[in-house]
Amino acid sequence: MILLEFEAKRILEEYGIPCEKSVLIGEGDADRAGELVSSLRPPYVVKAQVRAWGRGRAGLVRFAGSVDEAVSIARGMLGSSFAGERVRYVMVSERVRPLRELYVSMMLGGSPPGVLLLASEAGGAGVEEAGGALVLRVDPHAGLRGYAVRRVAKHLGVPAESIAPILEGMYRALWDYSLTLLELNPLAETEGGLVAVDRKAVADEDSGNPRLAEFIARYEEELGELQREARRWGFAAVPLEGDVAVVGNGAGLTMATLDAVAEAGGRPGLFLDLGGGAAAERVKAALLLALRQPNVRRVLVNIVGGITRCDEVARGLVEALREAGAPGVRLAVRLSGFMEEEGRRILEGAGIRAFATLEEAVREVVG
Amino acid sequence: MAILVDERTRVLVQGITGRQGQLHTELMLRYGTKVVAGVAPGRGGSRVHGVPVYDSVAEAVEEHPEVNASVVFVPARFAPDAVYEAVDAGLPLIVVITEGVPAHETLKMVAYARGRGAVVVGPNSPGVISPGRCKVGIMPGELFKPGRIGVVSRSGTLTYEVAARLAAAGLGVSTAVGIGGDLVTGLSFWDAYQLFNLDEETDAVVLVGEIGGTKEEEFARMYARGRGKPVVAYIAGRTAPPGRRMGHAGAVAFGATGTYESKVRALEGAGVPVAGGLGELPQLVKRALEEAG
């Protein structure tokens, strides 16, 4: 789960990492926006709070010289949409004048796996292209040691005593909040010291960490009917723009099916991974959910049965179609593995096209 | 030979009395895998499909010193404990099928296991299979034909799809390893490749990756430095939108990290051909075999 920037800022502040002064304006705060912003010193930075990357290039980070200007920009951003997300909060910050923009991040990864600590002198929007970052792997049992802090300080050209509390705070936050990524970009070098003026954090949803409860609750409020229903059944669902719903058993297989549809000239409209153990009841729920999406006109079901019984899958699909009536949707099913012939016989008996290979099923649904 | 598992593998099933543990114990036995013992705390003394059950790994290993691999079906909350227990009992190979283990817990248990010379495969792995000889995991054995291609993958059902396509093209598999769909996992692509490189029964390797994380990029960096047997890759998720978790906990691209383009660029830059679609994969493998002579 990607955290909103203001959530990441709260975590950083809890660990004593210097951040700029800011206020948060929610959709219900439009009347108080002027009052809130007046508590800050101009000039301002107005930032839409969205989970997706790339808001800067989309004009969702803007500067303002006066309270009125900041409020008017904030009102314009609230309720607008970016990459399928509605802007529910806007952060207005005091603008910090950096002498230099640095980059520091920590993330889980590497081989052998550890905490990867990245530092670059070239912070800001271009950091990913700039290269030349220092990459250190921190072993989880050794922890963040002094030598690593000194190497980062030297690489960034800052005193070790100024970067040490920031790195130590980030490292503790990463573990305490089950973060898989915590990024300060830019970390501004100012006359008053280092200030983390923008930040990104990703938390591990599987962690069961009670400290994430507030963030998870806010995230779940944002979910539409599709994702709420998917969560209930243990499916992974991602809404897309096109008209072909892709339903598969297993994440990699469903992604590969999505790619095959796009390669054949189709436009995927839904990603739905059933996960393991696709019994008739779950398959039925998945197809009904796909058919309820207003953009979906075609459905491709791709099942590679191992333990999953293809006849069970077929029964679930037939039941779903019986319940949904004849929705005028083009449906193609690929069944492979345990009991596949029986499964295809059941489908064909109900007038559903069933195939043995992915290519044939894709051709049927896209063509 | 093959890698990791073969006819000499003697398997311990942790969580053998659960629904998944029971089912897959039966399926592994039917495949011919030598499952010699199971563990379920509080259920010692019982049997599952004829396999004796013990309360702890230590007791199981004392009775069955020939055990040299464990497969973990324990629920996510208790899975790290099961891995530490297997490491402490001296088992050299631990295959973790469980999905949903917290990433930070995995980080610590993998580091612990490495420090003691144990290999952890997974979590969220379909297991390891050396076709016709041994399977330690949940994959449908009949889709894997014996042969000389090594397969290493982050996925489950997509691995079965790839194996079936290889089989249809007359290419069999020496060993297929599912390294797991989580962001943090034990055995890496490179670790598996190094084993395949030393295996006399493997001629080429198919790497099945997907968007998210940097595992494919890390493999490419290592391969560029010290390549051996040819590798052909397929990466799932070309059309996945950024910032969305595509089923697997590890399958999400943020900014420029973990994107399809980043992985393909890294692999091709290291000399690894990447199939544009699944259908192309068997041809690329055949071409790589011909070029390697």
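What you see is a predicted model; the values in this text were computed from it and never measured.

Trainee: So, the interface of chain B and chain A: which residues are in play, and what are the values?
Mentor: Size of an interface, as often reported, equals the accessible area lost when the parts are brought together. Facing the 52 residues of chain B at the interface are 49 residues of chain A. Around 4000 Å² of area is buried between chain B and chain A when both sides are counted, 66% of it from carbon and sulfur atoms. One salt bridge in this structure joins Arg334 of chain A and Glu161 of chain B, with 2.7 Å as the shortest N-O distance. Our count for the contact surface shared by chain B and chain A stands at twelve residue pairs in polar contact (both at pLDDT 80 or more). Of all elements in the fold, only α1 (19-31), α4 (103-115), α5 (157-168) and β13 (231-236) of chain B reach the threshold of two or more residues within the side of chain B that touches chain A. Residues of the side of chain B that touches chain A, tallied by class, amount to 27 nonpolar, 16 polar and nine charged.

Trainee: Describe the sheet that holds strand β9 (residues 134-137) of chain B, naming the residues involved and giving the relevant values.
Mentor: Residues and elements named next belong to chain B. Reading across from one edge, β9-β8-β11-β10-β12-β13 is the order of the six strands in this open sheet, with mixed pairing throughout. Lying at the two open borders of the sheet, with one neighbouring strand each, are β9 and β13. Taken over all neighbouring pairs, the strand axes of this sheet differ in orientation by 15 degrees on average, direction set aside. In terms of strand pairing, strand β8 (residues 127-130) meets strand β11 (residues 173-178) through two bridges, oriented antiparallel. Bridge pairing in β11 places Val128 opposite Val177. Docked against the sheet, helix α9 (residues 281-292) engages β10 (146-153), β12 (204-210) and β13, running at close to 160 degrees with respect to β13.

Trainee: Quick rundown of α1 of chain B? Include the residues and the values.
Mentor: Residues and elements named next belong to chain B. Helix length check: α1 (13 residues) gives 19 Å between terminal C-alpha atoms against 18 Å at 1.5 Å per residue, within 8%. Burial in α1 covers these residues: Gly21, His24, Thr25 and Met28. Along α1, the residues classed as buried sweep out an arc of 115 degrees about the axis, all on the same side. Of the exposed residues in α1, the ones pointing more than 90 degrees away from its buried face are Arg19 and Arg30. Looking at the buried positions of α1, the neighbouring elements they touch are β1 (10-14), β2 (34-39), β3 (47-48), β4 (51-54), β5 (69-72) and β9. Residue Gly32 follows α1 closely and has a positive phi angle near 110 degrees.

Trainee: I'd like to hear about the packing of helix α3 (residues 79-88) of chain B against α4 of chain B, residue by residue, with values.
Mentor: The packing of two helices is summarised by the inter-axis angle and the distance between the axes. Residues and elements named next belong to chain B. Two elements in contact, α3 and α4, have axes separated by 10 Å at closest approach and are oriented at 5 degrees. Comparing the axis directions of α3 and α4 gives the class roughly parallel. In this structure, α3 uses Pro80, Val83, Tyr84, Val87 and Asp88 to contact α4, whose residues at the interface are Glu105, Lys108, Met109, Tyr112 and Ala113. Across the contact of α3 with α4, the residue classes break down as seven nonpolar, no polar and three charged.

Trainee: Hey, could you go over the domain arrangement of chain B for me, with residue numbers and the actual values?
Mentor: Residues and elements named next belong to chain B. When the domains of chain B are assigned, the result is domain 1 (10-121) and domain 2 (127-292). Put simply, the middle of domain 1 and the middle of domain 2, counted by C-alpha atoms, are 25 Å apart. Every contact between the two is made by 20 residues of domain 1 and, on the other side, 22 residues of domain 2. In this assembly, domain 1 and domain 2 are joined by one salt bridge. Salt-bridge contacts for Arg114 lead to Asp191; the nearest nitrogen and oxygen are separated by 2.8 Å. Our count for the contact surface shared by domain 1 and domain 2 stands at four residue pairs in polar contact (both at pLDDT 80 or more). When contributions to the side of domain 1 that touches domain 2 are tallied by element, the ones reaching two or more residues are α1, α4 and β7 (119-121).

Trainee: Break down the side chain of Glu161 of chain B for me, with residues and values.
Mentor: Turning to its location among the elements, Glu161 of chain B is positioned in helix α5. Those residues within four positions of Glu161 of chain B in sequence are excluded, and the remaining contacts are Leu253, Val304 and Arg334 of chain A together with Leu278 of chain B.

The rules behind each value
Residues numbered from 1 in each chain as written. Chains lettered and ligands numbered in written order. Predicted model: local features only at pLDDT ≥ 70, side-chain atom pairs only at ≥ 80, totals over all residues. Heavy atoms only, no water. Contact = heavy atoms within 4.5 Å. Buried area = accessible area lost by both parts, 1.4 Å probe. Salt bridge = Lys/Arg side-chain N within 4 Å of Asp/Glu carboxyl O. Polar contact = N/O pair within 3.5 Å; in protein donor to acceptor, adjacent residues only side chain to side chain. Helix = DSSP H or I, 4+ residues; strand = E, 2+ residues; numbered from the N terminus. Nonpolar A, V, L, I, M, F, W, Y, C, P; charged D, E, K, R; others polar. Pairing = 2+ DSSP bridges. Axes fitted to C-alpha atoms, helices over the stretch in contact; angles between N-to-C directions. Expected span 1.5 Å × (residues − 1). Buried < 20%, exposed > 50% of the residue type's maximum accessible area, 1.4 Å probe, protein only. Arc of directions from axis to C-beta. Parallel < 35°, antiparallel > 145°, perpendicular 65-115°, else oblique. Domains from an automatic or database assignment.

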